[in-house]
Each structure stands twice: as C-alpha cells, then as structure tokens.
Amino acid sequence: KVVSVEQQSELRVLMQTRVLSTWLTVTEDSRDEDCLSIDFKLQRSDALSRFQGLWVLEAVRDASSGEVVGCKGLLTQDVLPKGIPLWVQRLP
C-alpha cells in the first residue's frame with residue numbers, strides 16, 4: 001500500500017510562529033503477518049533537505065503458547081535539515 005502524506009508542524013521562536021510542511025511517500029508492506037514494514041521517503045519539505053527511513057514492527061510471541069504478547073520496533077532514518085553546508089551532507 002502506497003500513500004502520500006502531508007505533515008504540518010508549528011515552530012515558535014521568540015513570539016513568532018511558523019508552520020512547516022513536509023510531504024512524504026509512505027509504503028506499507030504487511031504481506032508477512034508477523035512483520036510490518038513501513039518505508040518513507042521525502043517528496044518535499046519546508047525544513048528538510050533529506051528525510052527517509054524504515055520502520056520494522058515484529059510480533060513477539062510467547063515461546064510456549066505461540067500467542068502474540070508484544071511488539072518489537074526498529075526505526076532506521078536519515079535526516080538532514082535544510083541550510084546545512086554541502087560538506088556536511090557528504091559525511092557518512
């Protein structure tokens with residue numbers, strides 16, 4: 001399942017308020033019932049020049065009964081705000 005999402009946030013600094021918008025392409029893969037992966041990539045943003053990543057949510061099962069007793073989540077992301085010098089963008 002692929003969707004486009006707009007996220008808005010409000011930034012307040014010294015009595016000034018600014019609304020920032022970020023548009024993402026989100027791809028959800030739920031083919032494996034024990035593991036949900038959610039991939040997101042930046043389309044455009046007022047505040048970010050790079051934003052992408054992956055959520056992986058895995059079911060945690062009880063060893064004896066096999067019943068789902070929890071969830072384990074892992075987030076991997078790459079974020080770079082706008083206005084960062086070019087040499088910083090090349091760092092690993």
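Residues numbered from 1 in each chain as written. Predicted model: local features only at pLDDT ≥ 70, side-chain atom pairs only at ≥ 80, totals over all residues. Heavy atoms only, no water.

A separate point is the overall build of the protein chain. Counting secondary structure elements, the protein chain contains 1 helix and 5 strands. The order of α-helices and β-strands along the protein chain, N terminus first, is β-β-β-β-β-α. Relative to a compact globule of 92 residues, whose C-alpha radius of gyration would be 12 Å, the protein chain shows 18 Å and is clearly more extended. Projected onto the principal axes, the alpha-carbon positions of the protein chain cover approximately 55 × 35 × 25 Å. In the protein chain, buried positions account for 15% of the 92 residues. Put simply, of all contacts in the protein chain between residues at least 6 apart along the chain, 28% involve residues at least 24 apart. In the structure as shown, the protein chain presents an accessible area of about 7,200 Å², 54% of it carried by carbon and sulfur atoms. On the protein chain, the mean spot of the 11 positive side-chain charges and the mean spot of the 13 negative ones are 12 Å from each other. (Helix = DSSP H or I, 4+ residues; strand = E, 2+ residues; numbered from the N terminus. Rg over C-alpha atoms; globule rule 2.2 N^0.38 Å. Buried < 20%, exposed > 50% of the residue type's maximum accessible area, 1.4 Å probe, protein only. Contact = heavy atoms within 4.5 Å. Areas by Shrake-Rupley, 256 points an atom, 1.4 Å probe, with all protein chains shown as cover. Lys, Arg positive; Asp, Glu negative; His and termini not counted. Charge placed at Lys NZ, Arg CZ, Asp CG, Glu CD.)

Judged by nonpolar contacts, Leu24, Val26, Ile38, Phe40, Leu48 and Phe51 together constitute the single largest core of 6 residues. Secondary structure elements with two or more residues in this core: strand 2 (16-32), strand 3 (35-45) and strand 4 (48-61). (Core = buried A, V, L, I, M, F, W, Y, C linked by side-chain atoms within 4.5 Å.)

Enumeration according to the criterion identifies 0 disulfides in this entry. Not part of a disulfide, Cys35 finds its nearest cysteine sulfur in Cys71, a span of 9.3 Å. A residue is classified by how much of its surface remains accessible, and Cys35, at 22% relative accessible area, is partly exposed. Here Cys71 falls in the exposed class, since its relative accessible area comes to 54%. (Disulfide = S-S within 2.5 Å.)

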